[in-house]
Amino acid sequence: MSKDGEDLHLWRNARLARLAGGHAGPAPAGLDIVEKGAVAARGARIVFAGPEAELPAGLAAQAATRTDCEGRWITPGLIDCHTHLVFGGDRAREFELRLNGASYEEVARAGGGIVSTVSATRAASDDALVAGALPRLDHLLREGVTTVEIKSGYGLDTATERSMLRAARRLGTERPVGVVTSFLGAHALPVEAHGDKEAYIDLLCREMLPAIAAEGLADAVDGFCEGIAFSPAQIARVFAAAKEAGLPVKLHADQLSNLHGAKLAADHGALSADHLEYTDEEGAAAMAAAGTVAVVLPGAFYFLRETQRPPIDAFRRHGVALAIATDCNPGSSPLTSPLLAMNMAATLFRMTVDECIAGFTRNAARALGRLHETGTLEPGKYCDLAIWDIERPAELVYRLGFNPLYKRIWRGS
């Protein structure tokens, strides 16, 4: 026991991918590898992460527990920075329809898609939403996730949006994981709006968002800027209401067409813009200038059999930070494997090993506005670790259907 009453834990004889560096901007900093390293944590916070030979003797002597990692790799715990983990029902039937030739837009316009999940979610209690989400969350944890973002957006009324966000918060008490929540009321138009998007946005800005902000249920506000969802002008109204409520914003942008959603997000100082298949050079440049992270979602690209890839080279040229997420949701990405998402990003989008691993750690933390507390192995940050039975980091991206996680550490435990 240390003098301040918090136990000190030591992991030694490990190879570290610290992911440190790049804090002043999105410039790539690599994996920051230490071949023979150690991590020490006092309570929930890292106090040392570096070469074992540089570990202060006095610090090592305080360790209440010592773990010999036997040469295994330690990375920061993985961060899934874009999920729709809480919802009712499933959409396997729509999967069949798409296999038979229906497009995502056709399914949505026929009353399927997001709106079909809304009905099932509105019929579910808080307890049922938590129970349904737990197995999905457990899959993420088993692959090393220590922080997960969870969106609402399947309620589309004040009561159910609140219910979804309460359920998301509860998941962080049911399991040892950090939960970040996003209010996604501007996800789709509910049936009772009878096609009147302006009236629904009025309701969202006047009633829904203020109520959720007052209860502290959301850490950010999200929206879906697309022809089948909401226009840039409508999203701008949502972002203005979010600013008034003191909440940061992010955006589903340029997934199915180029409505210049990436630039819209950047113009409003968004933490991230996500999907981005149709983002143009102007959008990439705007994101770079604003420090807005590009979150690519290869699961949705794969599941919807899209052909327009996000402009990864443009993001590289402009120095936009690249994050990756599962986009776990019932309709377009029923994916609960960050390891598979990394492989998809490498295979489908030609991202490098370093980009994929940074995309689920350092840059994912940046996309959530959490880089100050997680995403890298550095003193002062939470001791969120993933310990892997691998010989080289490329194995995390290379293998399919194989989970080499040895141990997951969340906040030092």
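Residues numbered from 1 in each chain as written. Predicted model: local features only at pLDDT ≥ 70, side-chain atom pairs only at ≥ 80, totals over all residues. Heavy atoms only, no water.

A few words now on the environment of Ala-120. By secondary structure assignment, the location of Ala-120 is in helix α4 (residues 114–122). Taking the C-alpha atoms as reference points, Ala-120 and Gly-89, 31 residues apart in sequence, are found 5.4 Å from one another. Not counting residues within four places of it along the chain, the set of residues in contact with Ala-120 comprises Gly-88 and Gly-89. (Helix = DSSP H or I, 4+ residues; strand = E, 2+ residues; numbered from the N terminus. Contact = heavy atoms within 4.5 Å.)

Turning our attention to helix α13 (residues 338–349). Its 12 residues place the ends of α13 15 Å apart at the C-alpha level, agreeing with the 16 Å of an ideal helix rising 1.5 Å per residue. Across the 12 residues that make up α13, a large majority, nine, are buried. Downstream of α13 by a residue or two, Arg-350 has a phi angle that is positive, lying close to 65 degrees. (Expected span 1.5 Å × (residues − 1). Buried < 20%, exposed > 50% of the residue type's maximum accessible area, 1.4 Å probe, protein only.)

With numbering aligned to this structure, UniProt lists the feature "binding site: N-formimidoyl-L-glutamate" (unreviewed entry) at Tyr-154, Asn-329 and Gly-331. For this annotated set, covering 178 residues, all C-alpha atoms fall within 11.5 Å of each other, a compact arrangement in space. Tracing the chain through its elements places Tyr-154 in the loop between β7 (145–151) and α6 (158–174). With respect to the element layout, Gly-331 can be found in the loop between β13 (322–324) and α13. (UniProt positions renumbered as here; feature names shortened; annotations may be inferred.)

Looking now at the pattern of salt bridges. Side chains carrying opposite charge are able to pair once their charged atoms draw close together. Applying the stated criterion across every chain, the model contains 27 salt bridges. For Asp-32, the salt bridge is made with Arg-18, and the minimal N-O distance between the two is 3.0 Å. Residue Asp-32 is located in the loop between β1 (8–17) and β2 (33–42), and its partner Arg-18 is located in the loop between β1 and β2; the two are separated by 14 residues in the primary sequence. Residue classification places Asp-32 among the partly exposed residues on the basis of a relative accessible area of 25%. Where Asp-222 meets Lys-151, a salt bridge forms, and the shortest distance between an N and an O atom there is 2.7 Å. Residue Asp-222 is found in strand β9 (residues 220–225), and its partner Lys-151 is found in strand β7; the two are separated by 71 residues along the sequence. (Salt bridge = Lys/Arg side-chain N within 4 Å of Asp/Glu carboxyl O.)

It is worth spelling out unusual backbone geometry at this point. With phi around 60 degrees, His-260 is a residue other than glycine that occupies positive phi space. Checked against the element boundaries, His-260 lands in the loop between β10 (250–253) and α9 (261–267). The class of His-260 is partly exposed, set by a relative accessible area of 38%. With phi around 55 degrees, Arg-305 is a residue other than glycine that occupies positive phi space. You can see Arg-305 is positioned in the loop between α11 (298–303) and α12 (312–318). Overall, the relative accessible area of 55% leaves Arg-305 in the exposed class.

This paragraph deals with the packing of aromatic side chains. Under the criterion given, the structure shown has four aromatic pairs. Note on Phe-87 and Tyr-154: the rings are 6.3 Å apart at their centroids and 80 degrees apart in plane angle, and the pair reads as edge-to-face. Here Phe-87, found in the loop between β6 (78–80) and α2 (92–99), pairs with Tyr-154, found in the loop between β7 and α6; they are 67 residues apart in sequence, far enough to count as distant. Exposure class is identical for Phe-87 and Tyr-154. Each is buried. Taking 5.1 Å as the distance between ring centres and 75 degrees as the angle between the ring planes, the aromatic pair formed by Phe-301 and Phe-349 counts as edge-to-face. Residue Phe-301 is located in helix α11, and its partner Phe-349 is located in helix α13; the two are separated by 48 residues in the primary sequence. We note Arg-45 situated over the ring of Tyr-382; from NZ or CZ to the ring centre the distance is 3.9 Å. (Phe/Tyr/Trp six-rings, centres within 6.5 Å; stacked < 30°, edge-to-face > 60°. Lys NZ or Arg CZ within 6 Å of the ring centre and 35° of its normal.)

As annotated by UniProt and renumbered to match this structure, "binding site: Fe(3+)" (unreviewed entry) occupies His-82, His-84, His-252 and Asp-327. Sequence-wise these annotated residues cover 246 residues; spatially they are packed, their C-alpha atoms never more than 12.3 Å apart. As for its position among the elements, His-84 is in the loop between β6 and α2. In this view, His-84 contacts Lys-151, Ser-152, Tyr-154, Leu-184, His-187, His-252, Asp-327, Cys-328 and Asn-329; residues no more than four positions away in its chain are not counted. A distance of 3.4 Å separates polar atoms of two side chains, one belonging to His-84 and the other to His-252. One can find Asp-327 in the loop between β13 and α13. Non-local contacts of Asp-327, meaning those with residues more than four positions away in its chain, are made with Asp-80, His-82, Thr-83, His-84, His-275, Leu-297, Ala-300, Ser-332 and Ser-333. (Polar contact = N/O pair within 3.5 Å; in protein donor to acceptor, adjacent residues only side chain to side chain.)

With that out of the way, let us pick up the sheet that holds β6. Spatial strand order, β6-β7-β8-β9-β10-β11-β12-β13: eight strands in an open sheet with parallel pairing. Looking at which strands have only one partner, the edges of the open sheet turn out to be β6 and β13. Neighbour-to-neighbour, the strand axes of this sheet turn through a mean angle of 25 degrees, independent of strand direction. (Pairing = 2+ DSSP bridges. Axes fitted to C-alpha atoms, helices over the stretch in contact; angles between N-to-C directions.)

For the rest of this paragraph, the subject is the pairing of strand β14 (residues 385–388). Residues of β14 alternate between two faces, with Leu-385 and Ile-387 on one and Ala-386 and Trp-388 on the opposite face, all of them buried. Taken together, the four bridges between β14 and strand β15 (residues 405–409) define a ladder with antiparallel strand orientation. By the bridge assignment for β15, Leu-385 is matched with Ile-409.

Where β2 meets strand β3 (residues 45–51), six bridges bridge the pair, whose relative direction is antiparallel. In the strand pairing of β3, Arg-42 is matched with Arg-45.

With respect to the element layout, His-9 can be found in strand β1. In this structure the side chain of His-9 is engaged in a polar contact, spanning 2.5 Å, whose partner is the side chain of Thr-65. Not counting chain neighbours up to four residues away, the residues in contact with His-9 comprise Val-39, Ala-40, Ala-41, Thr-65 and Gly-412.

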